[in-house]
Amino acid sequence: MKPRFKKIHERSSAIDDTAHLTSLLMAKFRQVSTSSSIVSIDFNSVYEKFFSCPVLLSSSPRGGSTFANAAIGVHPDILCVNWNDKLLHNLWAKRHYSDTNFRKLILREPHYFNRERATQILGHENLTSLEKLIEGICLTKDFASLYCLHGILYWVMSAMPIPVEQIKYWLCKANTFKNMDLVLSKLPNSKFIIVQRDPRPTALSLSKVKANRKHISNEDVLISAVDWSRQAMGYAKFIMESAEKSTVINYEGLVADPTNHLNRVYQFLGLPTLDCDTINKELTGIPLKRTSSVYDQEFGTNNPQPYGVQMEGVNRWKTQLSEEQINIINNMTSPFARIYGYELTSNGIFYNFYLILKFTRLSLTARQFLRWFSAKLQLSYRLRGRKFVG
């Protein structure tokens, strides 16, 4: 008999019911086993860690952020959060909702936070500690706390792949420039990676989403081009405001030469660089996320999902866009694309007004005109001659 059970045996020597003795012994064994297998987690310390080292990667919708996020996240010192951030895009605007409804929006149960799985990972005591943290954050609705909670929940639901003390940075992605200034002001140690992609494949991909993955109209293309221009302008303004805390990477360059571009990011973060073989090996495990229509039409629904670096999306616009649609994108995005090193042809501002009038329904014409012209005015006033080439 093990020494730890000796006293129990002695105290139970007078008990004739052996079944009762057995139950006591098993209960004691389960207590010892549980306490030795699950380590107590101080979630206040976990929060402080996440508060101290956030990195936000952002791009326009369909701008390559999913691949870039996963690629940068191959570094062993980075916790890569593979959930899309919704706080910047729309949840912060809903903070006036009731506490119960806001909590549901933040946790997105059971797809993101799953209590049953969290119990298996953490144990009951740690889960109770985590839920106290969650309740406090959802009640106060503090921006920085809500932002960090996103990373903490991912870390937990991923079974804590990196010990918290080994995390140098945690990385998450968003597809909007909105509220990035709040991240900058509320999380003083935050850093930012802006991913820019050629407006032609971006507008093509976004047009397929707007068209519900059916026929792409010229109006879909024009609206997508205006969206890209607004996003490009928004990111350019933020880069100027955040100065040395931001860096820009070019999606096409990342795909063509991942080692060089990733190591530039790691140097920006102050992390050790990785050798080419290590990066290439890690990238082979990243699945490619495509617009569903492209996958179905070009590769078939039964074709296995590809992994690793894929060049197919870089030049697809040359065959899937008409000459007229390419002309629309070039003209609508040219002044903004030039900031990021994309040289596209343009026929001038009045020709752009003509395109808006020609290809948008009357109900949309004024809105698209105002959105594009507002971005153009900001470009002329704030960023004339500036370039952010990644």
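Quantities reported herein were computed from a predicted structural model and do not represent experimental measurements. Just so you know, the residues in each chain are numbered from 1, in the order the chain's sequence is written. With pLDDT at 70 or above as the cut-off, local features in this predicted model cover only qualifying residues; side-chain atom pairs require 80 or more to be listed or tallied, and sums for whole chains, interfaces and linings still use all residues. Each side-chain value is worked out from all heavy atoms of the structure, with water and hydrogens disregarded.

### Some words on the side chain of Q231
Note the following rule: Put simply, DSSP H or I for four residues or longer makes a helix, DSSP E for two residues or longer makes a strand, and each gets a number counted from the N terminus. Buried means the residue's accessible area, taken with a 1.4 Å probe over protein chains only, is under 20% of the maximum for its type, while exposed means over 50%, and partly exposed covers the values in between. Contacts between residues were defined by any pair of non-hydrogen atoms, one from each residue, lying within 4.5 Å.
Tracing the backbone shows Q231 in helix α12 (residues 218-242). Q231 gets classed as buried once you look at its relative accessible area, which sits at 10%. What Q231 contacts, discounting residues up to four positions off in sequence, is S60, P61, N175, T176 and F177.

### Observations concerning the nonpolar core
Applied cut-off: Definition of nonpolar core: a set of buried residues of the types Ala, Val, Leu, Ile, Met, Phe, Trp, Tyr and Cys, connected through side-chain atoms within 4.5 Å.
If you look at the biggest cluster of nonpolar residues, it comprises 114 residues, and the most contacted ones within it are F43, F50, I72 and W170. Counting residues per element, this core draws most heavily on helix α9 (residues 143-157), at 12 residues. If we skip the residues at most four places from it in the chain, F43 touches L122, N126, S129, L130, L133, I152, W155 and V156.

### Things to note about the confidence of the model for the chain
As a reminder of what qualifies: The quantity called pLDDT is the predictor's confidence in a given residue, expressed from 0 to 100.
Of all residues in the chain, 82% attain a pLDDT of 70 or more, and the chain-wide mean is 84. Scored below 50 in pLDDT, residues 293-297 shows 13 contacts in the model against residues more than four places distant or in partner chains.

### Concerning helix α8 (residues 124-140)
Basically, it comes down to this: Each helix should span, by expectation, one fewer than its residue count multiplied by 1.5 Å. It is the directions from the helix axis to the C-beta atoms that the arc portrays.
For α8, spanning 17 residues, the distance from its first C-alpha to its last is 24 Å, which sits close to the expected 24 Å at 1.5 Å a residue. Within α8, burial applies to N126, L127, L130, E131, L133, I134, I137 and C138. Along the axis of α8, the buried residues cluster in a sector spanning 160°; they form a single face. In this structure, α8 carries H124, E125, K132, L139 and T140 as exposed residues pointing more than 90 degrees from its buried face. Against α3 (43-52), α6 (99-107), α7 (115-122) and α9 lie the buried residues of α8.

### As for the packing of helix α18 (residues 323-337) against helix α19 (residues 349-359)
Going by this rule: Comment: axis = line fitted to C-alpha atoms, over the contacting stretch for helices; angle = value between 0 and 180 degrees taken between N-to-C directions. Roughly parallel covers angles under 35 degrees, roughly antiparallel covers those over 145, roughly perpendicular covers 65 to 115, and oblique covers all other angles. Helix crossings fall into two classes, left-handed where the near helix is turned counterclockwise from the far one by less than a right angle and right-handed where it is turned clockwise. Residues are grouped as follows: nonpolar covers Ala, Val, Leu, Ile, Met, Phe, Trp, Tyr, Cys and Pro; charged covers Asp, Glu, Lys and Arg; every other residue, Gly included, is treated as polar.
The N-to-C vectors of α18 and α19 enclose an angle of 130°; their axes lie 10 Å apart at closest approach. By the angle between their axes, α18 is oblique relative to α19. Crossing of α18 against α19: the hand is left-handed. Mapping the contact onto sequence places E324, N327, I328, N331 and M332 in α18 and Y351, N352, L355, I356, K358 and F359 in α19. Looking at side-chain class alone, the contact of α18 with α19 contains 6 nonpolar, 3 polar and 2 charged residues.

### Quick look at the sheet that holds strand β1 (residues 54-58)
As a reminder, the rule being used: Pairing between two strands is assigned when DSSP locates at least 2 bridges connecting them.
Overall, parallel pairing links the 5 strands, which are arranged β2-β3-β1-β4-β5 in an open sheet. Both outer strands of the open sheet, β2 (78-84) and β5 (246-250), are each paired with one neighbouring strand and no more. On average, each strand axis in the sheet is inclined to that of its neighbour by 20°, with strand direction left out of account. By the bridge criterion, 5 bridges tie β1 to strand β3 (residues 169-174) in an arrangement that is parallel. Paired with S58 across the strands is A174, a residue of β3. Against the sheet, α9 engages β1, β2 and β3, with an angle of about 100° to β2.

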